[in-house]
Amino acid sequence: SLAIGGGGSLLLFAIVLCGDMECCEHGPLGKLLNLLTSFLDFWTSERFLKILEKVLGRSCVNRVTAFQDYVCFQRNPILPAMYVVLVAVGFTVFVSFAFPYLPYHAEKEWGISFYHKVNAFLIVGGCLLVFWANLAVDPGVITSKNLEREKKRFEYDGILYHEKECYTCKFVRPARAKHCSICDRCVGRFDHHCPWINNCVGSNNNRLFLAFLASHVFLCGYGGILLFYILVAIVKKENLYNLHVQDRVTGEISPVTHEIVLKWILHEHAPLVGLCIALSMIAVVLAGFTSYHLFLVYFNTTTNETFKWKDLRRDIKRREKRKERAEQEKKAQQTGEGAERKEKENKEKEKVEATVVQQNARPRDTLQLSQVVNVYDRGGFANFVEVLFPEHALRQKLNKESRKTKKQ
């Protein structure tokens, strides 16, 4: 059951993280993601609510929609409280089953030292401290007081970002900022809203969010490895590999194998094995998520921007395919009598249409794939400095601009 649960968790992680990528969207992961989103859409659709109304009545539907609105579209403490419960329960289980083996024959070469018990409290305490910081720290909320300063942080790239008024906050949003519909505020360098910390991830707390992920990778990885070494120490203490077993049917005596040792461990120390597997799998999933966010930092982009870049590239490719298809149809039509006259008429028509399109089009409607460039990517090291020390990066930029102004 642990293997099935862990495998399912890894598959779900792969679907959510990779299913929307261009290389996977037409494959099995993309199809599974479409199936998952369709399933989720059904549970929030009018069709489902009508079925529910017929079965349970209108008052129940009102309660369900109110609950959906509270959970999905408002800041709420549900997931943060669930996190605290999970950590408390998980650490209690760890203390109950692992602490009796800390220390465990520390004088032996394969023994487990006492300091692991101290480390457990320090690591869990550090994770809770980072969690609290993510809850409490301002993610980079933009107000009328810091608006002008935030506008100097990033330039408008003319592709994803233009000078545009936020209809809720009633000011022109700085580049890379976004109004969070859940928090109901504009956040600088908006990455995403994380329900686990009940807060947005933005310019001011992106480093804390990375620390939150990395600390929990370390927590789960350390716990999983420690439990594995405890199990190894138990096997060595029992001297299992120097024992022999006798077949009940044939009476044949043979040395203990890995399979027999594994069965014995699962029978005698099932809680330790289960906790070891669970922590290891959670560590792998969190490590993948952390790697993804480090990848975003390395290229100085955000989760919000990756979806925008993907949609933009997809629109350009579709537009180019439509243009190519239209040219092929035009060539096919120009065969036969009056080809020259038709070609001349089509050229005049194309000129008129191109003029109209150019006058009415947004700047991104005329973009080519070669022009889709992330101007905020200043190199891996500089990108990490900008994310980890945002105020230092802004001060450097302002000082550089002031020196240029003085020279002029």
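From a predicted model like this one, the values you see are computed outputs, not experimental measurements. (Residues numbered from 1 in each chain as written. Predicted model: local features only at pLDDT ≥ 70, side-chain atom pairs only at ≥ 80, totals over all residues. Heavy atoms only, no water.)

### Focus on the overall build of the protein chain
Then, number 1: If you tally the helices and strands in the protein chain, you get 14 helices and eight strands.
Then, number 2: Approximately 25,800 Å² of the protein chain is accessible, and the part contributed by carbon and sulfur atoms is 61%. (Helix = DSSP H or I, 4+ residues; strand = E, 2+ residues; numbered from the N terminus. Areas by Shrake-Rupley, 256 points an atom, 1.4 Å probe, with all protein chains shown as cover.)

### Some details on the nonpolar core
Then, number 1: Among the nonpolar cores identified, the biggest contains 40 residues, and Phe94, Phe212, Leu227, Ile230 and Leu272 are the most heavily contacted of them.
Then, number 2: Elements with a contribution of two residues or more to this core: α5 (78–98), α6 (115–136), α8 (206–238), α9 (258–268) and α10 (270–298).
Then, number 3: Ranked by residue count, the leading element in this core is α8, at eleven residues.
Then, number 4: With near-sequence residues (within four places) excluded, leucine 272 lies in contact with Phe97, Ala98, Tyr101, Leu227, Ile230, Leu231 and Ile234. (Core = buried A, V, L, I, M, F, W, Y, C linked by side-chain atoms within 4.5 Å. Buried < 20%, exposed > 50% of the residue type's maximum accessible area, 1.4 Å probe, protein only. Contact = heavy atoms within 4.5 Å.)

### Some remarks on the confidence of the model for the protein chain
Then, number 1: Across the protein chain, the average pLDDT comes to 85, with 87% of residues at 70 or higher.
Then, number 2: Low pLDDT, under 50, characterises residues 356–361; the stretch is placed with zero contacts to residues that sit more than four places away or in other chains. (pLDDT = per-residue confidence, 0-100.)

### Quick word on the pattern of salt bridges
Then, number 1: Within this structure, the stated rule accounts for ten salt bridges.
Then, number 2: Notably, a salt bridge pairs lysine 263 with glutamate 259, separated by 3.4 Å at the nearest N-O pair. You can see lysine 263 and its partner glutamate 259 sitting in helix α9, four residues apart, about one turn around the helix. When sorted by exposure, lysine 263 lands in the same class as glutamate 259, which is exposed. (Salt bridge = Lys/Arg side-chain N within 4 Å of Asp/Glu carboxyl O.)

### Things to note about the packing of aromatic side chains
Then, number 1: Evaluated as defined, the whole model comprises 14 aromatic pairs.
Then, number 2: Ring centres of phenylalanine 94 and phenylalanine 99 lie 6.1 Å apart, and the angle between their planes is 80 degrees; this geometry places the pair in the edge-to-face category. By the burial criterion, phenylalanine 94 is buried, and phenylalanine 99 matches it.
Then, number 3: Between phenylalanine 228 and tyrosine 229, the aromatic rings sit 6.0 Å apart at their centres with planes inclined by 75 degrees, giving edge-to-face as the arrangement.
Then, number 4: Classification of phenylalanine 228 as partly exposed rests on a relative accessible area of 47%. (Phe/Tyr/Trp six-rings, centres within 6.5 Å; stacked < 30°, edge-to-face > 60°.)

### Overview of the environment of isoleucine 197
Then, number 1: Here isoleucine 197 lies in the loop between β5 (192–194) and β6 (199–201).
Then, number 2: For the pair formed by isoleucine 197 and tryptophan 132, sequence separation is 65 residues and the distance between their alpha carbons is 8.2 Å.
Then, number 3: Not counting chain neighbours up to four residues away, the residues in contact with isoleucine 197 comprise Pro80, Phe131, Asn134, Leu135, Phe209 and Phe212.

### Quick word on unusual backbone geometry
Leaving glycine out, the prevailing phi sign among residues is negative, and the prevailing peptide bond configuration is trans.
Then, number 1: Following leucine 102, the chain continues to proline 103 via a peptide bond in cis, the omega torsion being 0 degrees.
Then, number 2: Residue position: proline 103 is located in the loop between α5 and α6.
Then, number 3: A positive phi angle, close to 50 degrees, is found at asparagine 198, a residue other than glycine.
Then, number 4: Mapped onto the elements of the fold, asparagine 198 is located in the loop between β5 and β6.
Then, number 5: With relative accessibility at 16%, the residue asparagine 198 sits in the buried group.
Then, number 6: For asparagine 300, which is not glycine, the phi dihedral falls at a positive 50 degrees.

### Let's talk about a nonpolar patch on the surface
Then, number 1: A contiguous nonpolar patch, built from Phe67, Tyr70, Val71, Ile78, Met82, Leu86 and Trp196 and spanning about 620 Å² of accessible area, is present on the exposed surface.
Then, number 2: Looking at the nonpolar patch, the elements with two or more residues in it are α4 (58–73) and α5.
Then, number 3: Position of phenylalanine 67 relative to the elements: it lies in helix α4. (Patch = residues over 30% accessible without salt bridge, like charges linked within 9 Å, V, L, I, M, F, W, Y side chains within 5 Å.)

### As for the side chain of glutamate 150
Then, number 1: Relative to the helices and strands, glutamate 150 is located in helix α7 (residues 147–151).
Then, number 2: Residue classification places glutamate 150 among the buried residues on the basis of a relative accessible area of 10%.
Then, number 3: Residue contacts for glutamate 150: discarding those within four places in its chain leaves Ile142 and Pro174.

### Describing α8
Then, number 1: Over its 33 residues, α8 extends 48 Å from the first C-alpha to the last, a length consistent with the 48 Å expected when each residue adds 1.5 Å.
Then, number 2: Asparagine 239 sits one or two positions beyond α8 and adopts a positive phi of about 55 degrees. (Expected span 1.5 Å × (residues − 1).)

### Here we look at the packing of α6 against α8
Then, number 1: Closest axis-to-axis distance for the α6/α8 pair is 9 Å, and the angle between their directions is 155 degrees. Looking at the two axes, α6 sits roughly antiparallel to α8. Relative to α8, α6 is oriented so that their crossing is left-handed. Of the residues in α8, those in contact with His116, Asn119, Ile123, Val124, Cys127, Val130, Phe131, Ala133 and Asn134 of α6 are Leu208, Phe209, Ala211, Phe212, Ser215, His216, Phe218, Leu219, Tyr222 and Leu226.
Then, number 2: Counted by class, the contact of α6 with α8 contains 14 nonpolar, five polar and no charged residues. (Axes fitted to C-alpha atoms, helices over the stretch in contact; angles between N-to-C directions. Parallel < 35°, antiparallel > 145°, perpendicular 65-115°, else oblique. Left-handed = near helix turned anticlockwise from the far one by under 90°. Nonpolar A, V, L, I, M, F, W, Y, C, P; charged D, E, K, R; others polar.)

### Describing a positive patch on the surface
Then, number 1: On the surface, Lys400, Arg403, Lys404, Lys406 and Lys407 cluster together into a positively charged patch.
Then, number 2: In this structure, lysine 400 sits in helix α14 (residues 390–407). (Lys, Arg positive; Asp, Glu negative; His and termini not counted. Charge placed at Lys NZ, Arg CZ, Asp CG, Glu CD.)

### So, the side chain of serine 215
Then, number 1: On the secondary structure map, serine 215 appears in helix α8.
Then, number 2: Exposure remark for serine 215: the relative accessible area of 16% places this residue in the buried category.
Then, number 3: Within the structure, serine 215 has its side chain in polar contact with the backbone oxygen of phenylalanine 212 (distance 2.9 Å).
Then, number 4: Contacts of serine 215, omitting those with residues within four sequence positions, involve Cys127 and Val130. (Polar contact = N/O pair within 3.5 Å; in protein donor to acceptor, adjacent residues only side chain to side chain.)

### Remarks on the packing of helix α3 (residues 46–56) against α4
Then, number 1: Following both chains from N to C, one finds α3 and α4 inclined at 140 degrees, their axes separated by 7 Å at the closest point. Judged by the inter-axis angle, α3 sits oblique to α4. Contact with α3, carried on its side by Leu49, Leu52, Glu53 and Leu56, involves Arg58, Cys60, Val61, Val64 and Thr65 of α4 and no other residues of that element.
Then, number 2: Here the residues of the contact of α3 with α4 are counted per class, giving six nonpolar, one polar and two charged.

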